[in-house]
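Survey of secondary and tertiary structure
Next come the chains, spelled out residue by residue.
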Amino acid sequence: MKAIRRFTVRPVLPDTLRPLADLARNLRWSWHEPTRELFASLDPDGHADGDPVRVLGGIDAGRLAALAADEDFQGRLRAAAEDLDRYLHEPRWYQRQPGEPPASIAYFSPEFGVTDALPQYSGGLGILAGDHLKAASDLGVPLIGVGLLYRHGYFRQSLSRDGWQQEHYPVLDPGELPVTLLREPDGPPARVTLALPGGRSLHAHLWIAQVGRVPLLMLDSDVEENAPGEREVTDRLYGGGSEHRLLQEMLLGIGGVRAVRTWCRLTGTPAPEVFHTNEGHAGLLGLERIRELAGDGLDFDAALETVRAGTVFTTHTPVPAGIDRFDRALIARHLGEDGELPGLDVGRILALGDETPLGGEPGVFNMAAMGLRLAQRANGVSTLHGAVSRAMFAGLWPGFDGDEIPLTSITNGVHAPTWTAPEVARLGPDTDDRTLWELRRTLRERLVTDVRQRLRASWRQRGAAAAELGWTDTVLDPDVLTIGFARRVPSYKRLTLMLRDKDRLRALLLHPERPVQLVVAGKAHPADDGGKKLVQELVRFADDPRVRHRIVFLPDYGMAMARGLYPGCDVWLNNPLRPLEACGTSGMKAALNGCLNLSVLDGWWDEWFEPDFGWAIPTADGAAALDEDRRDDLEAAALYELIERRVAPRFYDRGPDGVPAGWTAMVRRTLTDLGPKVLADRMVREYVTRLYAPAAAAHRALGPAEARDLAAWKARVRGAWPKVSVDHVEVGDDLEDAELGATPALRVRVALGELTPDDVEVQVVTGRVDPDDRLLDPRTTVLKPAAGPDLEGRVPYAGALSLDRTGPFGCTVRVLPSHRLLAHPAEPGLVTLPSETGAAENGGVILR
């Protein structure tokens, strides 16, 4: 018989064991080794997979009584509880910051990878969000995380007999998860409600996961008050059609703001001064905040300026296909008069998501375009990704060079206590080569044991009998160079590039003196048959009896698998299509464990690669890069060449003591020099100092009156800007013999129409020029008015050029809007340049 309803019966803990409940419910245990060891001692058979909530749920009364009387256990419990209390309440880095940093920050993300005991993530975006919360907690940053509680999570992956990916969606019972239902003071669950077309409503409860000092609020639509369709809004991560996704993003963004307000009301937490949108999925939060401010008496434009001042937007995709886009009619129906935001002008809402300046379609609402328009501060997630993003979104700031577009970058980081093996974390600076090498072998051997267990389980799922799986006992070798490759499986990550020349790969795997072994894992999106074919191709190759002891594919890649994979591999392989990897944090996690990177120069590796940290896979350029087959042939050949001639020889080049001194030197440099750069602590500090604190300052400076004034000024400037022009540019008397250090006079006449000099900034831009007369490494100098307007209303400006570089040199003049509350001169997206029809008199000047 099957139960018709499932629920969890919690144990009644004796008073002396009550701290166990607090320790289990705070997810700090997921990265705090002493607490993990404490719960592991309660689950010696490992049935609970290290999940303290499940550990407590499986303890019987007799065992509890014995623990209550065990003085040694009581001492360890008290120590863990006191340590957690100190961690939660003592001042940390953030509390020592000068000035007045934000009282609180709301951080929105569609997924969070905090621990495998709370499977609410699909890949890098969620893991990054989880690491962001953990690092914020460690630093004392007053973050409030906001997400959704998916009752089926993402999906569990298995393989069919012929290697085809199969998806399974187990139901997650919140009673078995490390979460707590938020309740009103009189007992009922706290609830947020959204209005849907046709008079329907979408209700959601709020579950709280405590991530150290940081609360993570997760909205759950599986409540009885909802109709069946609405109950399934939070059924699974990235599932369903377009309308289903929109409802998820409405609940995350609009409902998420209401969840934050509810949390602050019930707990006394200060209201956030900064709202951080982790990718465009949560971008509708800005519209909800505009609605709130409209209720306080601000018009749309003034509310928009207030919202922008305190909003940070992070983009994670380097390709337009990675952005959520919806039909404009769908947006209008759900956010208009019959939907959730009836008080707001639908036309203004739709304009925020207009993608036509990006070369997009007029009938589409672009969530990233909206996110950028609603945020005064935005960033990509690596230096290269910042440059790619500025090019991708340049249409929102026409007339500006890529380097001037107000979209910066903060390179991602990873949370060291989560991803570093405890043995590696305990290494000291004086650790000798032999000790370091022996540890690397221990970690490799542990991975081999884990791989064999997982491989047997996978083959049993594929229908194999136990009697035919004896070969799995000899899969992999703890003394062989081990390369890892694990990630999502979109086409641009090129899972199967390693299979480009199968014969050459077999030769590497089976080399008689310097063999290589590969551990591969990854999930394709359930709707991506192309990705599933890549998985199947890899699996079929790995099934070949000739090589199956040297290459394995492990299904169901997740955090639990990853924690053993990163420390156990010697080399981490990453071969995406450059520049389509926004950051690629898996290689960072590997590096924290002394694993060397073998990667295309993309994402974080592009800015921090050094030969001491690993190897760079060359990428095709020119005509070869445009031919997909030739490009992959060339880059695969380069990969094989690196492994065969540089990586494997370095690994197997042993001294008389059996230790590869060259290899251990690279491991040491990776740990000591690269490790500090890839930390999430560094990343969150940068967010605080470069984005959160300035956003909070801008938010505080923009009271209702200032917001109205700024909105009115922008409207006036936009209306008058078509009449702004540079009518005359004159440089020096004789530029034929210009010499280094000369300062020829510069005179400019600017027509401002209805604007005044206080509304604009006139700049001269100088620099070397390329053969097409484009300014290289330009520098700007502000010009001052030389007199009042002439009879035609033109204002003269004057200054001097500084000829501080030799060679072909050029300058131009431009006019920008100027206001003290602008975060960046390009913010309004307006600029006027000289006409190109008279370079000497009316345009830029080129000195050759």
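Please refer to the structure placed before this passage.
Overview of the structure. Worth saying up front: this structure is predicted, and the values here are computed from it rather than measured. (Residues numbered from 1 in each chain as written. Predicted model: local features only at pLDDT ≥ 70, side-chain atom pairs only at ≥ 80, totals over all residues. Heavy atoms only, no water.)

1. Examining the overall build of the protein chain
- Counting its regular elements, the protein chain contains 27 helices and 27 strands.
- Here the protein chain has a C-alpha radius of gyration of 30 Å; the compact-globule value for 848 residues is 29 Å, and the two agree.
- Expressed as lengths along the three principal axes of its C-alpha atoms, the size of the protein chain is roughly 95 × 70 × 50 Å.
- In the protein chain, which comprises 848 residues, the share counted as buried stands at 55%.
- Within the protein chain, residue pairs in contact and separated by at least 24 positions form 73% of the contacts whose partners lie at least 6 positions apart.
- Surface accessibility of the protein chain: about 34,400 Å² in total, with carbon and sulfur atoms responsible for 51%.
- When the 98 positive and 120 negative side-chain charges of the protein chain are each reduced to one mean point, those points stand 4 Å apart. (Helix = DSSP H or I, 4+ residues; strand = E, 2+ residues; numbered from the N terminus. Rg over C-alpha atoms; globule rule 2.2 N^0.38 Å. Buried < 20%, exposed > 50% of the residue type's maximum accessible area, 1.4 Å probe, protein only. Contact = heavy atoms within 4.5 Å. Areas by Shrake-Rupley, 256 points an atom, 1.4 Å probe, with all protein chains shown as cover. Lys, Arg positive; Asp, Glu negative; His and termini not counted. Charge placed at Lys NZ, Arg CZ, Asp CG, Glu CD.)

2. Here's the deal with the packing of aromatic side chains
- For the coordinates displayed, the defined rule picks out 16 aromatic pairs.
- Geometrically, the ring pair formed by Tyr154 and Phe155 is tilted, given 4.7 Å between the ring centres and 45 degrees between the ring planes.
- Here Trp419 and Tyr566 contribute two aromatic rings whose centre-to-centre distance is 5.8 Å and whose plane-to-plane angle is 80 degrees, an arrangement assigned as edge-to-face. With Trp419 in helix H15 (residues 416-419) and Tyr566 in helix H20 (residues 559-568), the pair connects residues that are 147 residues apart, well separated along the chain.
- Of the aromatic side chains, those joined through ring pairs into one cluster are Trp437, Trp615, Phe651, Tyr652 and Trp663.
- Sitting over the face of the ring of Tyr169, Arg236 holds its NZ or CZ atom 3.5 Å from the ring centroid.
- A cation over an aromatic ring shows up here: Arg548 above the ring of Trp471, its NZ or CZ 4.0 Å from the ring centre. (Phe/Tyr/Trp six-rings, centres within 6.5 Å; stacked < 30°, edge-to-face > 60°. Lys NZ or Arg CZ within 6 Å of the ring centre and 35° of its normal.)

3. Looking at the side chain of Glu355
- You can see Glu355 is positioned in the loop between helix H12 (346-352) and strand S12 (364-366).
- Among the polar contacts made by the side chain of Glu355, one reaches the side chain of Arg325 at a distance of 2.5 Å.
- From its side chain, Glu355 meets the backbone nitrogen of Glu361 in a polar contact 2.8 Å long.
- Among residues more than four places away in sequence, those in contact with Glu355 are Arg325, Gly360, Glu361, Val364 and Asn366. (Polar contact = N/O pair within 3.5 Å; in protein donor to acceptor, adjacent residues only side chain to side chain.)

4. Comments concerning the layout of surface pockets
- Considered as a void within the structure, the second largest pocket measures approximately 1,300 Å³ in volume.
- What lines the second largest pocket is a set of 48 residues, and nearest its centre among them are Gly124, Leu125, Arg488, Tyr492 and Lys493.
- For the lining of the second largest pocket, the secondary-structure elements that each account for two or more residues are helix H6 (124-139), H20 and helix H21 (586-592).
- When residues in the lining of the second largest pocket are grouped by element, the largest group, four residues, is from H6.
- Of the residues in the lining of the second largest pocket, the class split is 24 nonpolar, 13 polar and 11 charged. (1 Å grid on protein atoms, 1.4 Å probe; cavity = no way out; pocket = protein on both sides within 12 Å on 5 of 7 lines; lining within 4 Å. Points joined across faces, edges and corners; volume = space filled by probe spheres on them. Nonpolar A, V, L, I, M, F, W, Y, C, P; charged D, E, K, R; others polar.)

5. What about the environment of Pro52?
- Of note, Pro52 is situated in helix H3 (residues 52-57).
- Look at Pro52 and you get buried, because its relative accessible area is 1%.
- When residues no more than four places from it in sequence are discounted, the contact partners of Pro52 are Ala24, Trp29 and Phe39.

6. Some thoughts on the packing of helix H10 (residues 300-309) against helix H27 (residues 704-720)
- Contact geometry for H10 and H27: axes closest at 8 Å, N-to-C directions at 110 degrees. Classed by the angle they form, the pair H10 and H27 counts as roughly perpendicular. Residues Asp301, Ala302, Glu305, Thr306 and Arg308 of H10 form the contact with H27, whose participating residues are Ala707, Arg708, Leu710, Ala711 and Lys714.
- Across the contact of H10 with H27, the residue classes break down as four nonpolar, one polar and five charged. (Axes fitted to C-alpha atoms, helices over the stretch in contact; angles between N-to-C directions. Parallel < 35°, antiparallel > 145°, perpendicular 65-115°, else oblique.)

7. What about the side chain of Arg462?
- Inspection of the secondary structure assignment puts Arg462 in the loop between helix H17 (433-461) and strand S15 (481-486).
- Looking at Arg462, its side chain comes within polar contact range of the main-chain oxygen of Ser160, at 3.0 Å.
- Contacts of Arg462, omitting those with residues within four sequence positions, involve Leu159, Ser160, Arg161, Asp162, Gly163, Val539 and Asp543.

8. Section: the pattern of salt bridges
- Scanning the model with the defined rule gives 64 salt bridges in all.
- Between Arg92 and Glu90 there is a salt bridge, with the nearest N and O atoms lying 2.8 Å from each other.
- Residue class for Arg92 comes out buried when judged on its relative accessible area of 17%.
- For Glu90, a relative accessible area of 35% puts it in the partly exposed group. (Salt bridge = Lys/Arg side-chain N within 4 Å of Asp/Glu carboxyl O.)

9. Some words on the packing of helix H8 (residues 242-267) against helix H9 (residues 285-295)
- At a minimum axis separation of 7 Å, H8 and H9 run at an interaxial angle of 60 degrees. On the basis of the axis angle, H8 is oblique to H9. At the point where H8 passes H9, the crossing takes the right-handed sense. Residue-level contacts link Gly253, Ile254, Val257, Arg258 and Arg261 of H8 to Leu285, Glu288, Arg289, Arg291 and Glu292 of H9.
- The residue makeup of the contact of H8 with H9, split by class, is three nonpolar, one polar and six charged. (Left-handed = near helix turned anticlockwise from the far one by under 90°.)

10. Here we look at unusual backbone geometry
- The omega torsion of the bond from Arg578 to Pro579 falls at 5 degrees, within 30 degrees of zero and hence cis.
- Turning to its location among the elements, Pro579 is positioned in the loop between strand S18 (571-574) and H21.
- One non-glycine residue, Tyr238, lies in the positive phi region at around 55 degrees.
- Of note, Tyr238 is situated in the loop between helix H7 (228-231) and H8.
- When its relative accessible area of 16% is taken as the criterion, Tyr238 is described as buried.
- Here Asp556, not a glycine, exhibits a phi torsion of approximately 65 degrees, which is positive.
- By the element assignment, Asp556 lies in the loop between strand S17 (551-554) and H20.

11. Things to note about helix H19 (residues 529-543)
- Relative to the 21 Å expected for 15 residues at 1.5 Å per residue, H19 spans 21 Å between its end C-alpha atoms, a close match to the ideal helical length.
- Where H19 is concerned, the buried positions are Gly531, Lys532, Leu534, Val535, Gln536, Leu538, Val539, Phe541 and Ala542.
- If you follow the buried residues of H19, they end up packed against strand S3 (156-159), strand S4 (165-168), helix H18 (502-509), strand S16 (516-521) and S17.
- Where H19 begins, one side-chain oxygen reaches toward the backbone nitrogen of Gly530, 3.2 Å away; that side chain belongs to Asp528. (Expected span 1.5 Å × (residues − 1).)

12. Some details on empty space enclosed by the protein
- Under the counting rule described, the total for this entry stands at eight cavities of 30 Å³ or more.
- Approximately 70 Å³ is the volume found for the largest cavity.
- As for the largest cavity, its lining consists of 13 residues, and the residues nearest its centre are Leu455, Trp459, Ala542, Asp543 and Phe553.
- Of all the secondary structure elements, the ones that give two or more residues to the lining of the largest cavity are H17, H19 and S17.
- For the lining of the largest cavity, the class distribution of residues is nine nonpolar, one polar and three charged.

13. As for the sheet that holds S18
- On the basis of which strands lie adjacent, the open sheet formed by six strands has the order S17-S16-S15-S18-S19-S20 and parallel pairing. A strand with exactly one partner marks an edge of an open sheet, and here the two such strands are S17 and strand S20 (614-617). Averaged over all pairs of adjacent strands, the angle between strand axes in this sheet comes to 20 degrees, irrespective of strand direction.
- Bridging between S16 and S17 involves four bridges; their strand directions are parallel. Following the sheet pairing, Val520 is matched in S17 by Phe553.
- Lying over the sheet, helix H24 (residues 628-652) contacts S15, S16, S18, strand S19 (596-600) and S20, oriented at roughly 165 degrees with respect to S20. (Pairing = 2+ DSSP bridges.)

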